[in-house]
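# A structural walkthrough
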Amino acid sequence: MTKNIAVIRGDGIGPEIVAEALKVLDKVGEIFGHTFNYTDVDMGGCAIDKYGDPLPESELQKCLKSDSVLLGAVGGEKWNNVPGDKRPEKGLLRLRAGMGVYSNNRPAKIWKQLSDASPLRKEIVEKGIDFIIVRELIGGIYFGEHKTVDDTATDVLSYSESEIERIGRIGFETARKRNKKLCSVEKSNVLDSSRLWKKVMHRLAEEYTDVELSDMLVDNCAMQIVKNPAQFDVIVTENMFGDILSDEASMITGSIGMIPSSSLGATSCGLYEPIHGSAPDIAGKNIANPIGTILSAAMMLRYSFDMGKEADAIENAVSAFLDADLRTADIMSEGKTQVGCSECGEFIAKNLKRE
Ligand code: IPM
Ligand code: MG
């Protein structure tokens, strides 16, 4: 198969981690007989420097014409004083909205080799950590009106029934393919948008009778994720709650550097990115962990290109890296050998096998 991939290297550690993911994709192509063509797209701080715009229309078009988009990370201190609507992150939000990728899937799964890296107590980790956060990605407070007038700043949070319903369905469908437990997270004791959220979820539950739906307030959910993560199978939530909870969920699995994500809408053209940021403090030092990006590439193969075996091969090679007691700095522990970003990518590419 031939696939055209738009590649956004971005800022900070972005270029380094994406380079490793491309090494791995090239190797997948070689052993499974696929051709991956890459088109570089400028987005984020680097696009501000080049064009004065974090995502010029021409760059967005390249993404829309591709079969899928692989993204490293964007942003950095250098652009902190740029006005809100021109910040690097705005490029990312425009990309997500432009592609219509409303459904963001963020797995929180602990690799058995990394159970020591979790900050949680052993007896909690041993009960198992394996859940998915389905985050609404192109609505809510991120996309409401933002304004500052005199000494008052306002951000509007609004959701329509149809926006809630389409992400709710993804939540139910995801749970249906797993352990059939869906937890809908909101703040319905305070927010109107959350009361609507809850109402729509319960209406959908009548259609998905094989899935057990529960409700949880977001503050309680933040607590439950560290107290008893084994209780979760699939969590579905709105944009900002999902942003916050997915950082928390990633940390209990050992490192945010390990977690990939997929974002999909109505078509198979998806956006794949690690959930961490651009980490400018460690950029260019060859110490970043490329695994979140490499696993994002695996998700692209699985969900957008229907290449399940190829995705399995990447995940097995990541497991082989951990089995070899090799670690990047963020997951380093006693008795293991620390390697750099490029050595990590090379090992994974070299250890890819066609079963
Ligand atoms: C994420 C990031 C982004 C978000 C930022 C960079 C805009 O934190 O993907 O989780 O808040 O969605
Ligand atoms: Mg985030």
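Just above, that's the structure.
Anyway, here's the lowdown on the structure attached to this text. (Residues numbered from 1 in each chain as written. Chains lettered and ligands numbered in written order. Predicted model: local features only at pLDDT ≥ 70, side-chain atom pairs only at ≥ 80, totals over all residues. Heavy atoms only, no water.)

### A closer look at the site of ligand 1
For the record, the criterion: One heavy atom within 4 Å of a molecule or strand makes the whole residue count as near it. Polar contact is defined as a pair of N or O atoms within 3.5 Å, subject to the rule that within protein one atom must be able to donate a hydrogen and the other to accept it, and that residues adjacent in sequence are counted only when both atoms are side-chain atoms. In short, Shrake-Rupley with a 1.4 Å probe defines the accessible areas, and a residue's cover is counted only from the protein chains shown. Charged residues are taken to be Asp, Glu, Lys and Arg, nonpolar residues to be Ala, Val, Leu, Ile, Met, Phe, Trp, Tyr, Cys and Pro, and polar residues to be all remaining types, Gly included.
Every residue lining ligand 1 is accounted for by Glu89, Arg96, Arg106, Arg135, Tyr142 and Asp243. At a separation of 2.7 Å, an oxygen atom of ligand 1 approaches a polar side-chain atom of Arg96. Interatomic distance of 2.8 Å between a side-chain N/O atom of Asp243 and an oxygen atom of ligand 1. Relative to its unbound accessible surface of 320 Å², ligand 1 loses 77% to contact with the protein. Taken together, the residues of the shell around ligand 1 break down into one nonpolar, no polar and five charged.

### Concerning the sheet that holds strand β9 (residues 212–217)
Using the following cut-off: Two strands qualify as a pair provided that DSSP identifies no fewer than 2 bridges between them. Each helix is a run of DSSP H or I of at least 4 residues and each strand a run of E of at least 2, with the numbering of both proceeding from the N terminus. Here, two residues are considered to be in contact whenever any of their heavy atoms come within 4.5 Å of each other. Helix axes are fitted to C-alpha atoms over the stretch in contact, other axes to C-alpha atoms as well, and angles between N-to-C directions run from 0 to 180 degrees.
What the ten strands build is an open sheet, ordered β2-β1-β3-β12-β11-β4-β5-β10-β8-β9; its pairing is mixed. Among the strands making up the open sheet, the edge pair consists of β2 (35–40) and β9. As paired elements, strand β11 (residues 262–264) and strand β12 (residues 271–272) share two bridges and run antiparallel to each other. Residue pairing across strands places Ser262 opposite Tyr272, the latter belonging to β12. Relative to the sheet, helix α6 (residues 161–176) contacts β4 (103–109), β5 (130–136), β8 (181–186), β9 and β10 (234–237), its axis offset from that of β5 by approximately 165°.

### Considering the packing of aromatic side chains
Rules: Pairing of aromatic rings covers Phe, Tyr and the six-membered ring of Trp, with a centre-to-centre limit of 6.5 Å; geometry is then stacked below 30 degrees between planes, edge-to-face above 60, and tilted otherwise. Buried means the residue's accessible area, taken with a 1.4 Å probe over protein chains only, is under 20% of the maximum for its type, while exposed means over 50%, and partly exposed covers the values in between.
A full pass over the atoms with the stated rule returns five aromatic pairs. Aromatic side chains Phe36 and Phe305 sit 6.5 Å apart centroid to centroid with 20° between the ring planes, which places their arrangement in the stacked category. Residue Phe36 is found in strand β2, and its partner Phe305 is found in the loop between α10 (291–304) and α11 (308–323); the two are separated by 269 residues along the sequence. The pair formed by Phe36 and Phe305 is uniform in burial state, with each residue classed as buried. Between Tyr159 and Trp197, the ring centres sit 5.8 Å apart and the planes meet at 70°, which makes this aromatic pair edge-to-face. With a gap of 38 residues between them, Tyr159 in the loop between β7 (152–155) and α6 and Trp197 in helix α7 (residues 192–205) connect regions that are remote in the sequence. The pair Tyr159 / Trp197 is uniform in exposure class, with both members buried.

### Thoughts on helix α4 (residues 88–99)
Rules: Expected span of a helix, by definition, is 1.5 Å for each gap between consecutive residues, and there is one gap fewer than residues.
If you check α4, its first and last C-alpha atoms are 17 Å apart, about what twelve residues at 1.5 Å a residue would give, namely 16 Å. Positive backbone phi, approximately 70°, marks Gly100, located one or two places after α4.

### A few points about the packing of helix α1 (residues 14–32) against α11
What counts here: Roughly parallel means an angle under 35 degrees; roughly antiparallel means over 145; roughly perpendicular covers 65 to 115; every other angle is labelled oblique. Crossing chirality is assigned from the near helix's rotation relative to the far helix, an anticlockwise turn below a right angle marking it left-handed and a clockwise turn marking it right-handed.
Viewed as axis vectors pointing N to C, α1 and α11 meet at an angle of 130°, and their least axial separation amounts to 11 Å. By the criterion of interaxial angle, the relationship of α1 to α11 is oblique. For the pair α1 and α11, the sense of crossing is right-handed. Across the interface between the two elements, Val24, Val28 and Phe32 from α1 touch Lys309, Glu310, Ala313 and Ile314 from α11. Classifying every residue of the contact of α1 with α11 by side-chain character gives five nonpolar, no polar and two charged.

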